[in-house]
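Residue-level listing of the chains:
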Amino acid sequence: MSTLIELKGISASYNGYAVLAEVNLKIREGDFIGVIGPNGGGKTTLLKVILGLIKPTGGEIVFNTDKIRRNKIGYLPQMAEGDNNFPVSVRDVVLSGLMIIKGHNARMNREDRIKADNVLNELGIYHLRNKSLNNLSGGELQRVYLCRALIGSPKLLLLDEPGSFVDTSFEQGFYDKLKELNKTVTIMMVSHDVGTISAFVKSFACVNRKLHFHDSGRITTEQLKAYDCPIQLIAHGDVPHTVLKTH
Amino acid sequence: MLEAFLDYNFLFKSFLAVIFGSITAGIAGSYIVSKKMVFLSGGITHSSFGGIGIAYFIGISPVFGAACFGVASALGIQYLASRQKVSEDSAIGFLWAFGMAVGIIFIYLTPGYTPDLMSYLFGSILTINTADLTALLILSAILLFFFARYYRSILYVAFDEGYARTFSSRVDLFKYLLIVLVSLVIVLNIRIAGIVLVLSLLTIPPNIALLYTKNFSKMIIISIIAGFVGMFSGLVASWYLNIPTGATIIFTLVLLWIISRMVNFRAKPEIIKAKAPPPMSGI
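J.: Help me understand the nonpolar core, please; the structure alone is not making it clear to me.
T.: One recurring pattern in soluble globular proteins: nonpolar side chains tend to sit buried together. Of all hydrophobic cores here, the largest spans 144 residues; its most connected members are Val35, Val94 and Leu158 of chain A together with Ala28, Val182, Val185 and Val198 of chain B. It is helix H10 (residues 171–210) of chain B that contributes the most residues to this core, 22 residues altogether. Ignoring anything within four residues of it in the chain, the contact list for Val94 of chain A reads Ala116, Val119, Leu120, Val144, Cys147, Arg148 and Ile151 of chain A.

Pasting the structure below:
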């Protein structure tokens, strides 16, 4: 697997607090990285550094420009800040995912609208394309924002706690969708829910100021302890899981 | 009436003011209503009175004074809110009253009688002059150009600033440019409806539009049309009834909103239907 993006000794702060210290990470093509760690450990900051929204105070990010550029990253923020009462249609929200490719004086043509409709159809919400956001449920909104992240055909998808406002009925479908997407797209997903995501991630990154990369989809409590990664393990009934005893 | 418009130069000028007023207020109003910046706009409106007072005192154009004060207070509110840890609505409260206070003090200090002070408080479309009209014409052209060329950027920065930062490093520039344009729209429309009434010129037409559409570009177009209908009928009504024009315009705009609401109320509610997927190839 070739490397898409490499973080070398990245340090970053947020609101004056040092959140990341000397973080090294190689994002490899085709990987599905589960980013776990305690609240305030720097998971979201890590994604924002990769996106270029936060400037690191130290270290460097190297893009393998043969494979990826910054405008080929799709992003699903934790809390979408969009105002649900804003006069904007679902399709227009999805189209905003093309802005990074088209630039400031972008115009959306028929082809772009077809692209948007196709992505909406892919996620089963084509019938909502002309609706405004205040008519949508949490799960539908989540899918709209996922469509926005996908419309630019990204090489890398950064997802920040996508499970946090999905309705449970859609949750399994959502993760199945991600698994399918992972055949062509590299995914890096922040989650507090190690139990659920360990069923399909290929590797783990524990972020707690420092980053420990674990090259397997399975992670044990011992390892979490060794990484100084105090997170909660949540067990789900219908997912096969093992509960390990603490020593 | 038609002869009156052709015979009386001032009526023709008022008609032009209605056209440019509805264009500028329709565009800027759609932005402030969608972004829920009406209170901020109220702050800009009232603080511009300080500029009018100073302009009287030193003997320059009151509109120019108001424009300087309006833009400065808009930027001042943003500065206080982002850098000085004052919440935005408190910052608006500061500058709202401060501008009025400055205006009152300087008008008090100005020697002699200030004849058309009332026209700045309540508007005076019938005495609008060529300089005001030229300024409104230029502002209309700038707004039309800016919104046509950068429509998508404006829409997405207004809708979701956080996400917009992922694709643009000029989010703040857009925000500041827009707030400056909104201030100028407010100040130039003060000539039509006055400080006390101008805000409804910006807020009623977009709210009429919102009864019919949830699409930002259509909202702008319907706002302009609704603004024109309301302002023009207000102008005509005030001419025949011989009552103050600014106040009549606001009255007709509210009436237009009520009629639109009633028409809209009778319309069938939207029903979401799942339709067959489009016959298109994969992504």
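More follows now that the structure is in view.
J.: When you look at the sheet that holds strand S1 (residues 3–14) of chain A in this model, what are you seeing that I'm missing?
T.: Pairing between sheet strands relies on hydrogen bonds along the backbone, with the strands arranged either parallel or antiparallel. Residue and element names in this part refer to chain A. Spatial strand order, S2-S1-S4: 3 strands in an open sheet with antiparallel pairing. Edge strands, defined here as strands with exactly one partner in the open sheet, are strand S2 (17–28) and strand S4 (58–63). Within this sheet the neighbouring strands show an average axis-to-axis angle of 15°, counted without direction. One ladder, built from 5 bridges, connects S1 with S4; its direction is antiparallel. If you follow Glu6 over to S4, its bridge partner there is Val62.

J.: Before we go on, may I ask you to explain the interface of chain B and chain A in this structure?
T.: By a widespread convention, an interface's size corresponds to the accessible area lost as its parts come together. Listed per partner, the contact involves 32 residues of chain B and 29 residues of chain A. Mapped onto the side of chain B that touches chain A, the elements with two or more residues apiece are helix H8 (151–159), helix H9 (161–167) and helix H11 (216–241) of chain B. Per-class residue counts for the side of chain B that touches chain A are 15 nonpolar, 8 polar and 9 charged.

J.: Can you help me understand the pairing of strand S8 (residues 203–208) of chain A in this one?
T.: Within a regular strand, side chains alternate between the sheet's two faces. Residue and element names in this part refer to chain A. Among the 6 residues in S8, 5 count as buried, and that is most of the element. Pairing geometry for strand S3 (residues 32–36) and S8, over 4 bridges, is parallel. When the bridges of S8 are listed, Val35 appears paired with Ala205. Bridge count for S8 against strand S9 (residues 210–214) is 5 bridges, and the pairing is antiparallel. The residue of S9 that forms the bridge with Asn208 is Lys210. Linking two consecutive strands that pair antiparallel, namely S8 and S9, is a turn of 1 residue; a positive phi of about 70° is found at Arg209 within it.

J.: Is there a simple way to explain the packing of helix H2 (residues 9–34) of chain B against H10 of chain B in this structure?
T.: Between two packed helices, what matters for the description is the angle formed by their axes and the separation of those axes. All names here are of chain B. One can describe the packing of H2 onto H10 by two numbers: an axis separation of 7 Å at closest approach and a directional angle of 75°. Classified by the angle between their axes, H2 and H10 sit roughly perpendicular to one another. Residue composition of the contact of H2 with H10, grouped by class: 17 nonpolar, 8 polar and no charged.

J.: What should I look at first to understand the sheet that holds S9 of chain A in this one?
T.: Residues and elements named next belong to chain A. Here 6 strands make up an open sheet; going across it, the order is S5-S6-S7-S3-S8-S9 and the pairing mixed. Both edges of this open sheet fall to strand S5 (73–76) and S9, since each of them pairs with a single strand only. Strand-to-strand twist across the sheet, computed as the mean angle between neighbouring axes with direction ignored, equals 15°. Contacts between helix H1 (residues 43–51) and the sheet are confined to S3, S5, strand S6 (156–160), strand S7 (186–190) and S8, with S6 contributing the most and set at about 150° to the helix. Lying over the sheet, helix H5 (residues 138–150) contacts S5 and S6, oriented at roughly 165° with respect to S5.

Rules and cut-offs
Residues numbered from 1 in each chain as written. Chains lettered and ligands numbered in written order. Predicted model: local features only at pLDDT ≥ 70, side-chain atom pairs only at ≥ 80, totals over all residues. Core = buried A, V, L, I, M, F, W, Y, C linked by C-beta atoms within 7 Å. Buried ≥ 20, exposed ≤ 12 C-beta atoms within 10 Å, placed from the backbone. Helix = DSSP H or I, 4+ residues; strand = E, 2+ residues; numbered from the N terminus. Contact = placed C-beta atoms within 7 Å. Pairing = 2+ DSSP bridges. Axes fitted to C-alpha atoms, helices over the stretch in contact; angles between N-to-C directions. Nonpolar A, V, L, I, M, F, W, Y, C, P; charged D, E, K, R; others polar. Parallel < 35°, antiparallel > 145°, perpendicular 65-115°, else oblique.

Fair warning: the whole summary comes from geometry, so function is off the table for now.
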